[in-house]
Amino acid sequence: MKRRKETIICSVFVMLFSVVLLFAEDQPPKSAPLGGGDKATINALRSQLKRELSETGKDRQRSVEVRQIRRKLAKMGDLEERMRIIKRLKSEDPATQLNAVQDAAYVDGRDMIAALAELLNVTNGYQSVTSGELGPKGERLQGDLVYEPVSLVAAKALAKLVETPPVPPVGKEKKFYTDDDVKKWQKWWEKNKKQYGVE
């Protein structure tokens, strides 16, 4: 019973932390245009990223700052950072993959929609990972972290990006997503993938 309680507490912590990171910056408008960053701003962010990376150790705050800089660069159209997100979407680590889904939803664009849609057919189910994380006071967290199937997470992200989604985003009308919702998204992708440059 105690182990189950620890697992639930850790799962809630991970979900809350992910939501905080996702909403730390404003959500982009649907179908936001790619680019929009001038060279000086991109170069300044690249310099800031380089500085942060040189100082990054085990400090969690620095890793959050690095992620935010990378997201800004990707949103401005930086191809290297956009490709980094797409690569992380294919990660075997569920935490990395979840963060990449959130980043892709924030960054937006046809390439991000296509990359998210490719996750709709991943059938990994719920994943449980023993925590190796440190808590806010440096203590080792115990218990398992449970991650939603990436297909569900990707479908929810797509609902925020696509102009007319086959299933509405989670909110007032929709409280949660099911496997049937993912199937509707899979059908939508088969019908619409050519619009996103996928054959």
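In every chain, residue numbers begin from 1 and rise along the written sequence. Totals for whole chains, interfaces and linings use all residues, but because this is a predicted model, local features are given only for residues with pLDDT of at least 70 and pairs of side-chain atoms are given and counted only at 80 or more. To obtain the side-chain values, all non-hydrogen atoms of the structure were used and water was disregarded.

**Q** Kindly report on the overall build of the protein, identifying the contributing residues and their values.
**A** For the protein, the helix and strand inventory stands at eight helices and two strands. Shown N-terminal to C-terminal, the secondary structure of the protein runs as helices and strands in the order α-α-α-α-α-α-β-β-α-α. For the protein, the proportion of its 199 residues judged to be buried stands at 41%. Looking at the protein alone, contacts between residues at least 24 apart form 62% of all its contacts between residues at least 6 apart. Only DSSP runs of H or I reaching four residues or more are called helices, and only runs of E reaching two or more are called strands; each is numbered from the N terminus. When accessible area is computed with a 1.4 Å probe and restricted to protein chains, residues below 20% of their type maximum are described as buried, those above 50% as exposed, and intermediate ones as partly exposed. The contact rule is simple, with two residues in contact once any of their heavy atoms fall within 4.5 Å.

**Q** Just give me the short version of the pattern of salt bridges, but keep the residues and values in it.
**A** Salt bridge, as used here, is a side-chain nitrogen of Lys or Arg placed within 4 Å of a carboxyl oxygen of Asp or Glu. Within the structure shown, the criterion is met by 13 salt bridges. Measuring nitrogen to oxygen at the nearest pair gives 3.6 Å for the salt bridge that ties Arg-46 to Glu-80. Of this pair, Arg-46 sits in helix 2 (residues 39-55) while Glu-80 sits in helix 4 (residues 79-89); the two residues are 34 residues apart in sequence, bridging distant segments of the chain. Of the charged contacts in the structure, one is a salt bridge between Arg-82 and Asp-111, with a shortest N-O distance of 2.6 Å. Residue Arg-82 is located in helix 4, and its partner Asp-111 is located in helix 6 (residues 110-117); the two are separated by 29 residues in the primary sequence. A relative accessible area of 26% places Asp-111 in the partly exposed class.

**Q** A description of the nonpolar core should follow, citing residues and the corresponding values.
**A** With 38 residues, the main nonpolar core has Leu-89, Val-101, Leu-116, Leu-158 and Trp-185 as its most contacted residues. Contributions of two or more residues to this core are made by helix 4, helix 5 (94-107), helix 6, strand 2 (144-147), helix 7 (150-161) and helix 8 (179-192). With nine residues, the single largest contributor to this core is helix 7. If we skip the residues at most four places from it in the chain, Trp-185 touches Leu-120, Ala-155, Leu-158, Ala-159, Val-162, Pro-165, Pro-166, Val-167 and Tyr-177. One finds Ile-42, Leu-45, Leu-49 and Ile-69 within the second-largest nonpolar core, a separate group that totals seven residues. Grouping buried Ala, Val, Leu, Ile, Met, Phe, Trp, Tyr and Cys residues that are joined through side-chain atoms within 4.5 Å yields what is termed a nonpolar core.

**Q** Describe the packing of helix 7 against helix 8, and please don't skip the residues or the numbers.
**A** Geometrically, a packed helix pair is captured by the angle between its two axes and the distance between the axes. Note on method: axes are straight lines fitted to C-alpha atoms, helices fitted across the in-contact stretch only, with angles between N-to-C directions ranging 0 to 180 degrees. Two numbers describe how helix 7 lies on helix 8: the axes approach to 10 Å, and their chain directions differ by 60°. In terms of axis orientation, helix 7 runs oblique to helix 8. Crossing of helix 7 against helix 8: the hand is left-handed. Facing Ser-151, Leu-152, Ala-155, Leu-158 and Ala-159 of helix 7, the residues of helix 8 in contact are Asp-179, Val-182 and Trp-185. Gly is put with the polar residues, along with every residue not named as nonpolar or charged; the nonpolar set is Ala, Val, Leu, Ile, Met, Phe, Trp, Tyr, Cys and Pro, and the charged set is Asp, Glu, Lys and Arg. For the contact of helix 7 with helix 8, the per-class residue count stands at six nonpolar, one polar and one charged. Our angle categories are set so that under 35 degrees counts as roughly parallel, over 145 as roughly antiparallel, 65 to 115 as roughly perpendicular, and the remainder as oblique. Two helices crossing with the near one rotated counterclockwise from the far one by less than a right angle form a left-handed crossing, whereas a clockwise rotation gives a right-handed crossing.

**Q** Can you explain unusual backbone geometry? Please cite residues and give values.
**A** Here the phi dihedral of Asp-108 falls at roughly 65°; this positive angle occurs in a residue that is not glycine. Here Asp-108 lies in the loop between helix 5 and helix 6.

**Q** Explain the side chain of Lys-193 to me, and be specific about the residues and the numbers.
**A** Structurally, Lys-193 is set in the segment after helix 8. Among the polar contacts made by the side chain of Lys-193, one reaches the side chain of Glu-190 at a distance of 3.4 Å. Setting aside anything within four residues of it in sequence, one finds Lys-193 in contact with Val-198 and Glu-199. Throughout this description, a polar contact denotes any pair of N or O atoms lying within 3.5 Å of each other; where both atoms belong to protein, one of them has to be capable of donating a hydrogen while the other can accept it, and for residues adjacent in sequence the pair is counted only when both atoms sit in side chains.

**Q** Explain helix 2 to me, and be specific about the residues and the numbers.
**A** Multiplying one less than the number of residues by 1.5 Å gives the expected span of a helix. The end-to-end C-alpha distance of helix 2, which contains 17 residues, comes to 24 Å, matching closely the 24 Å that a straight helix rising 1.5 Å per residue would cover. Among all positions of helix 2, only Ile-42, Leu-45, Leu-49 and Glu-52 are buried. Down the axis of helix 2, the sector holding all buried residues measures 85°, keeping them to one side. Residues Lys-39, Ala-40, Lys-50 and Ser-54 are exposed on helix 2 and point more than 90 degrees away from its buried face. At the N-terminal end of helix 2, a side-chain oxygen is found 3.1 Å from the backbone nitrogen of Ala-40, two or three residues along, and the residue is Asp-38. The arc in question is the one traced by the directions running from the helix axis out to the C-beta atoms.

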